[in-house]
Amino acid sequence: MLSRAAYRVALSPAYGNALAGVRKSMSTIPSTMKAAVVREAGDADALKVESDFPVPKMGPGQVIVKNEYAGINFIDTYHRKGLYPREMPFVGGQEGGGVVAAVSDEAAKEGIKIGDRVAYSILGTYSEYSAVPAAKLLPVPDGVDIDVATSCVVQGLTAHYLVSSAHAGLIKPGEWCLIHGVGGGTCQWAAQMAKLRGFKVIGTCAKGKVDVASTLGCDELIVLDEVEGTSYENYESVDVVAKVMEITDGKGVKCVIDGIGKSTVDIAINSLAHRGIFVSFGNASGAVPAFPVLKLIGKSAYVTRPKLLDYTANRTELVERANEIFGWLKEGKLNVTVDTAFPLEEAAEGHKYLEAGKSKGKVLYKI
């Protein structure tokens, strides 16, 4: 972490004139940095660590954050593989946390100071420094560690909107919710938050992750065989729909939260109660294939494919969600497991670890 005493004015007049409105309070920030970069779509080894990548310039309304951690998420692997195309080259990641190292005039007027501990989500966080719009910053409260706060930004906020908003109010407290893959990542958060919202929760997990899944407060666990070398369970090893119907007295669940994708789409739809909703948010086993809407007619079911940006559409919504999550963390109502923190130099190994299904919690890079 950079000390407050280490900061000094370091902008040249030319640089200051070029970026009107930028506060001349840059610390000793280098011109190049270490970053994990994708120059060609491919497997995990396409993620290469470069030591001379340009440090981003701070624009009006932005700050420079010296990153301490970057989160590793499945969406990062989709970007790397080209499933969600990005312009090349790009720095991986979209979840970071660290200390503010420089502040624009506009950000300073909002009360942001050098040395503030923050977490945020923008593209390009697998790096030593990030230029972050002030509106994207989440102040990290005392009592919450930076690694936990970083874990919150994508996975925590995603879980929050999934159990709070994406179901459009079609599930009420006391009703059943099915959440796939509660043994790792986002759905560890989602299972706990669903209970905080008052839902009854059925979780699915692999045999190797029962130790973690059993601590989340799920009312029922459906334990599945593992698919070796993958991040998801064998959904053919147990008749999940039959189990769900047994647990719910034949009624089904009012909401399915599903980040598995291709392997679970039929299970999700067939597990629904009348006028239930299938919330599909991930592609761990592959993208959900197109299907006719007539599949939904039997139970007048709903389906949605949401994304985080649409549920943190403005500063107010972002902060409200984050404040509730940080509050739960401080009150001990959420248990966040940081599984592993890889050195950024081992960027490819971090992706391989996540994609192989080895994680039992959040996976990070230590910058």
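Cut-off values and rules
Counting restarts for each chain, with residues numbered from 1 along the sequence as it is written. Note on the predicted model: pLDDT of at least 70 is required for a residue's local features to be given, and 80 or more for side-chain atom pairs to be given and counted; whole-chain, interface and lining totals, by contrast, use all residues. Remark: hydrogens and water are excluded; side-chain values derive from all non-hydrogen atoms of the structure. The numbering of helices and of strands both runs from the N terminus, where a helix is a DSSP run of H or I of at least 4 residues and a strand a run of E of at least 2. For the radius of gyration, the atom set is restricted to C-alpha positions; the globular benchmark scales as 2.2 Å times the number of residues to the power 0.38. Each residue gets one of three labels from its accessible area relative to the maximum for its type: buried under 20%, exposed over 50%, partly exposed in between, using a 1.4 Å probe on protein chains only. In these tables, accessible area is a Shrake-Rupley quantity obtained with a 1.4 Å probe, and a residue counts as shielded only by the protein chains included in the view. Positive charges come from Lys and Arg alone, negative charges from Asp and Glu alone, with His and the N- and C-terminal ends not counted. Here the site of a charge means NZ on Lys, CZ on Arg, CG on Asp, or CD on Glu. We call two strands paired when DSSP finds no fewer than two bridges between them. For helices, the axis comes from a line fit to the C-alpha atoms of the stretch in contact; other axes are also lines fit to C-alpha atoms, and the angle between any two N-to-C directions lies between 0 and 180 degrees. By the definition adopted for this analysis, an angle is roughly parallel if under 35 degrees, roughly antiparallel if over 145, roughly perpendicular if from 65 to 115, and oblique otherwise. Contacts: residue pairs with any heavy atoms within 4.5 Å of one another. We call Asp, Glu, Lys and Arg charged. Ala, Val, Leu, Ile, Met, Phe, Trp, Tyr, Cys and Pro are nonpolar, and the rest, Gly among them, are polar. Note on aromatic pairs: the rings of Phe, Tyr and Trp (six-membered ring only in Trp) are paired at centre separations within 6.5 Å, and the planes decide the class, stacked below 30 degrees, edge-to-face beyond 60, tilted for the rest. Consider the ring centre and the ring normal. A charge sits over the ring if Lys NZ or Arg CZ is within 6 Å of that centre and within 35 degrees of that normal. One fitted axis covers the seven residues ending at a residue, a second covers the seven starting there, and the bend at that residue is the angle between these axes. The nonpolar core is taken to be a set of buried Ala, Val, Leu, Ile, Met, Phe, Trp, Tyr and Cys residues, with the residues joined through side-chain atoms within 4.5 Å. Distance and chemistry together define a polar contact, namely a pair of N or O atoms within 3.5 Å, with one atom able to donate a hydrogen and the other to accept it when in protein, and with adjacent residues in sequence counting only for side-chain atoms on both sides.

**Digging into the overall build of the protein chain**
Stage number 1. The helix and strand inventory of the protein chain stands at ten helices and 16 strands.
Stage number 2. The C-alpha radius of gyration computed for the protein chain amounts to 21 Å, which stays within 12% of the reference 21 Å derived for 367 residues, consistent with globular compactness.
Stage number 3. Expressed as a percentage of its 367 residues, the buried residues of the protein chain come to 53%.
Stage number 4. If you sum the accessible surface of the protein chain, you get close to 15500 Å²; carbon and sulfur atoms cover 51% of it.
Stage number 5. Side chains of the protein chain carry 40 positive and 41 negative charges; the gap between the two charge centres is 5 Å.

**Points about the sheet that holds strand S2 (residues 47–54)**
Stage number 1. As summarised here, the arrangement of the three strands in space is S2-S1-S4, forming an open sheet in which the pairing is antiparallel. Each of the sheet's edge strands pairs with one partner strand only, and the pair in question is S2 and strand S4 (90–91).
Stage number 2. Sheet topology places strand S1 (residues 32–38) next to S2; six bridges connect them, and they run antiparallel. The residue bridging Thr32 from the neighbouring strand is Pro54, located in S2.

**Considering the packing of helix H4 (residues 146–164) against helix H9 (residues 315–330)**
Stage number 1. The N-to-C vectors of H4 and H9 enclose an angle of 110°; their axes lie 9 Å apart at closest approach. Comparing the axis directions of H4 and H9 gives the class roughly perpendicular. Along the contact surface, H4 presents Val148, Ala149, Cys152, Gly156, Leu157, His160, Tyr161 and Ser164, while H9 presents Leu318, Arg321, Ala322, Glu324, Ile325, Phe326, Trp328 and Leu329.
Stage number 2. Residue composition of the contact of H4 with H9, grouped by class: eleven nonpolar, three polar and two charged.

**Examining the sheet that holds strand S13 (residues 272–280)**
Through backbone hydrogen bonds, the strands of a sheet pair up, either in parallel or in antiparallel fashion.
Stage number 1. Strand order in this open sheet of six strands is S11-S10-S9-S12-S13-S14, and the pairing throughout is parallel. Edge positions in the sheet fall to strand S11 (220–224) and strand S14 (302–304), since each of these pairs with one other strand and no more. Direction aside, neighbouring strands of the sheet carry axes that sit 15° apart on average.
Stage number 2. The pairing of S13 with S14 spans three bridges and is parallel. Note on S14: the bridge partner recorded for Phe278 is Val303.

**Considerations on the packing of aromatic side chains**
Stage number 1. Per the stated rule, a full pass over the model turns up four aromatic pairs.
Stage number 2. The interplanar angle of 70° and the centroid separation of 5.2 Å between the aromatic rings of Tyr78 and Tyr84 together place this pair among those described as edge-to-face.
Stage number 3. With relative accessibility at 27%, the residue Tyr84 sits in the partly exposed group.
Stage number 4. Between the aromatic rings of Tyr161 and Tyr311, the centroid separation amounts to 4.6 Å while the plane-to-plane angle is 5°, which identifies the pairing as stacked. Taken together, the residues span a long stretch of sequence, with Tyr161 in helix H4 and Tyr311 in the loop between S14 and H9 at a distance of 150 residues. Here Tyr161 matches Tyr311 in class, with each residue buried.
Stage number 5. Stacked on the ring of Phe90, the Lys or Arg Arg86 has its end atom at 4.1 Å from the ring centre.
Stage number 6. Directly above the aromatic system of Tyr69 lies the positively charged group of Lys366, at a separation of 5.3 Å from the ring centroid.

**Let's talk about H4**
Stage number 1. Along H4, the sharpest kink reaches roughly 50°, centred on Val153.
Stage number 2. Counting buried positions over the 19 residues of H4 gives 18, a clear majority of the element.

**Thoughts on the nonpolar core**
Stage number 1. Ile179 and Val182 are the most contacted members of the largest nonpolar core, which has 48 residues in total.
Stage number 2. Where this core is concerned, the elements lending two or more residues are H4, strand S9 (176–179), helix H5 (186–196), strand S10 (200–206), strand S12 (253–258), S13 and H9.
Stage number 3. For this core, the element with the most residues is H4, which contributes ten residues.
Stage number 4. Setting aside its immediate chain neighbours within four residues, Val182 contacts Cys187, Gln188, Ala191, Gly203, Thr204, Cys205, Ala213, Leu216, Cys218 and Leu221.
Stage number 5. Judged by nonpolar contacts, the second largest core, of 27 residues, contains Phe53, Phe90, Ala101 and Ala131.

**Thoughts on the environment of Gly350**
Stage number 1. Among the secondary structure elements, Gly350 is positioned in helix H10 (residues 347–355).
Stage number 2. Each C-alpha atom of the pair Gly350 and Asn73 lies 9.9 Å from the other, and the pair is 277 residues apart in sequence.

**Re the environment of Arg86**
Stage number 1. Along the chain, Arg86 turns up in the loop between helix H2 (74–81) and S4.
Stage number 2. For Arg86, a relative accessible area of 22% corresponds to the partly exposed category.
Stage number 3. Through-space distance from the C-alpha of Arg86 to that of Ala41 is 9.1 Å; in sequence the pair is 45 residues apart.
Stage number 4. When sequence neighbours within four positions are dropped, the list of residues in contact with Arg86 reads His79, Val91 and Leu123.
Stage number 5. Looking at Arg86, its side chain comes within polar contact range of the side chain of His79, at 3.5 Å.

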